Amino acid sequence: MDQNQMKKAVAEAAIAYVPEGSIVGVGTGSTANFFIDALGAMRDRIAGAVASSEASAARLCALGIPLLDLNDVTDMPVYVDGADEVTSQLAMIKGGGGALTREKIVGAVARTFVCIADGSKLVATLGRFPLPVEVIPMARAHVARALEALGGRPVLRAGFKTDNGNVILDVHGLSITDPVALETHIDGITGVVTVGLFARRPADILLLGGPDGVAEHRRPGAGLP
């Protein structure tokens, strides 16, 4: 299988984790798009979806899947999304598509976070993929200096604004050996909206696509059935 076939395979496998009649959290990006397409086939068997971006919302609407506002949702059994990098402990870097803040919010509400990714995304140490940081525009230079002090090389994502109207600094050159500590530290920098480290709330299940098919990995201690 090529990369797109692996993405499609894990996206279709994730449908098995969606309870009938439930509200589904839906992520953003190329792998999430395959999941949205697969979800369209069961649109009459779910209560609706919460989207993590305007792009995903538009794709869901085009397939006739009811969209819900997260503020009106009290129970969300599952959130399905991709990752730019993921470790065996299911900590992730996300935000290559620029939707990291909304992805983190929707993921925080869901009882189970299912990460869908092709095998190239599995790494021993996070940081080869530049770490996205969403920043209030007036704080860009201040936050960049703080990220440089951590040993990173922040680069403004040119010509890009998030759905929240903010900018993104992509931080190169980091080797993230303690993702929980770094997530906490960067989130504490004044002017940062959120950082694309998903380690304090990692994925619960990873569906990883490879040449031989899809493998399921469960986070140690996740307490899943």
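Residues numbered from 1 in each chain as written. Predicted model: local features only at pLDDT ≥ 70, side-chain atom pairs only at ≥ 80, totals over all residues. Heavy atoms only, no water.

Once that is clear, we can look at the packing of aromatic side chains. Throughout the structure, instances matching the rule amount to one aromatic pair. The lysine or arginine in question, R157, covers the ring of F160, its NZ or CZ lying 5.3 Å from the ring centre. (Phe/Tyr/Trp six-rings, centres within 6.5 Å; stacked < 30°, edge-to-face > 60°. Lys NZ or Arg CZ within 6 Å of the ring centre and 35° of its normal.)

Our next topic: the side chain of T87. Note that T87 resides in the loop between β4 (85-86) and β5 (92-93). Ignoring anything within four residues of it in the chain, the contact list for T87 reads L122, V123, A124 and L126. (Helix = DSSP H or I, 4+ residues; strand = E, 2+ residues; numbered from the N terminus. Contact = heavy atoms within 4.5 Å.)

Let's shift gears to the packing of helix α1 (residues 3-14) against helix α2 (residues 30-39). Interaxial distance between α1 and α2 falls to 8 Å at its minimum, and their mutual angle equals 50°. In terms of orientation, α1 and α2 fall into the oblique class. The two elements α1 and α2 cross, and the hand of that crossing is right-handed. Judged by residue contacts, N4, K7, K8, V10, A11, E12 and A14 of α1 engage S30, T31, F34, F35 and A38 from α2. (Axes fitted to C-alpha atoms, helices over the stretch in contact; angles between N-to-C directions. Parallel < 35°, antiparallel > 145°, perpendicular 65-115°, else oblique. Left-handed = near helix turned anticlockwise from the far one by under 90°.)

What follows is about the nonpolar core. One broad trend across soluble globular proteins is that nonpolar side chains are buried collectively. Core analysis: the biggest nonpolar cluster contains 23 residues, and L131, V133, V143, L147, I176, I186 and L197 have the highest contact counts within it. Secondary-structure elements contributing two or more residues to this core are β7 (131-135), α5 (140-149), β9 (167-172), α6 (179-187) and β10 (192-195). Beyond its immediate chain neighbours, meaning those up to four positions away, I176 contacts I93, T125, L126, G127, L131, L182 and L197. Residues V10, V26, M42 and V78 belong to the second largest nonpolar core, which totals 20 residues. (Core = buried A, V, L, I, M, F, W, Y, C linked by side-chain atoms within 4.5 Å. Buried < 20%, exposed > 50% of the residue type's maximum accessible area, 1.4 Å probe, protein only.)

Let us now look at empty space enclosed by the protein. By the definition in use, this model includes one cavity of 30 Å³ or more. Taken as a whole, the largest cavity encloses approximately 50 Å³ of empty space. Top contributing element to the lining of the largest cavity by residue count: helix α4 (residues 100-109), with three residues. Its residues assigned to classes, the lining of the largest cavity shows two nonpolar, five polar and three charged. (1 Å grid on protein atoms, 1.4 Å probe; cavity = no way out; pocket = protein on both sides within 12 Å on 5 of 7 lines; lining within 4 Å. Points joined across faces, edges and corners; volume = space filled by probe spheres on them. Nonpolar A, V, L, I, M, F, W, Y, C, P; charged D, E, K, R; others polar.)

What the rule picks out here adds up to 16 salt bridges. Residue R45 pairs with E20 through a salt bridge whose shortest N-O separation is 3.1 Å. Of this pair, R45 sits in the loop between α2 and β2 (48-51) while E20 sits in the loop between α1 and β1 (23-26), and the two are 25 residues apart along the sequence. Of the residues examined, E20 reaches a relative accessible area of 58% and is grouped as exposed. (Salt bridge = Lys/Arg side-chain N within 4 Å of Asp/Glu carboxyl O.)

Okay, the layout of surface pockets next. By volume, the largest pocket is sized at about 230 Å³. For the largest pocket, the lining is made up of 21 residues, of which T28, G29, S30, A83 and D84 are closest to its centre. At the level of elements, α2 and β6 (112-118) are the ones that each hand at least two residues to the lining of the largest pocket. For the lining of the largest pocket, the residue count by class is five nonpolar, nine polar and seven charged.

On the surface, I136, M138 and V193 cluster together into a nonpolar patch covering about 310 Å² of accessible area. Take M138: it is sitting in the loop between β7 and α5. Residue M138 is classed as exposed on the basis of its relative accessible area of 80%. (Patch = residues over 30% accessible without salt bridge, like charges linked within 9 Å, V, L, I, M, F, W, Y side chains within 5 Å. Areas by Shrake-Rupley, 256 points an atom, 1.4 Å probe, with all protein chains shown as cover.)

Turning our eyes to something else, we now look at unusual backbone geometry. Located in the positive-phi region is L90, a residue other than glycine, with phi close to 70°. By secondary structure assignment, the location of L90 is in the loop between β4 and β5.

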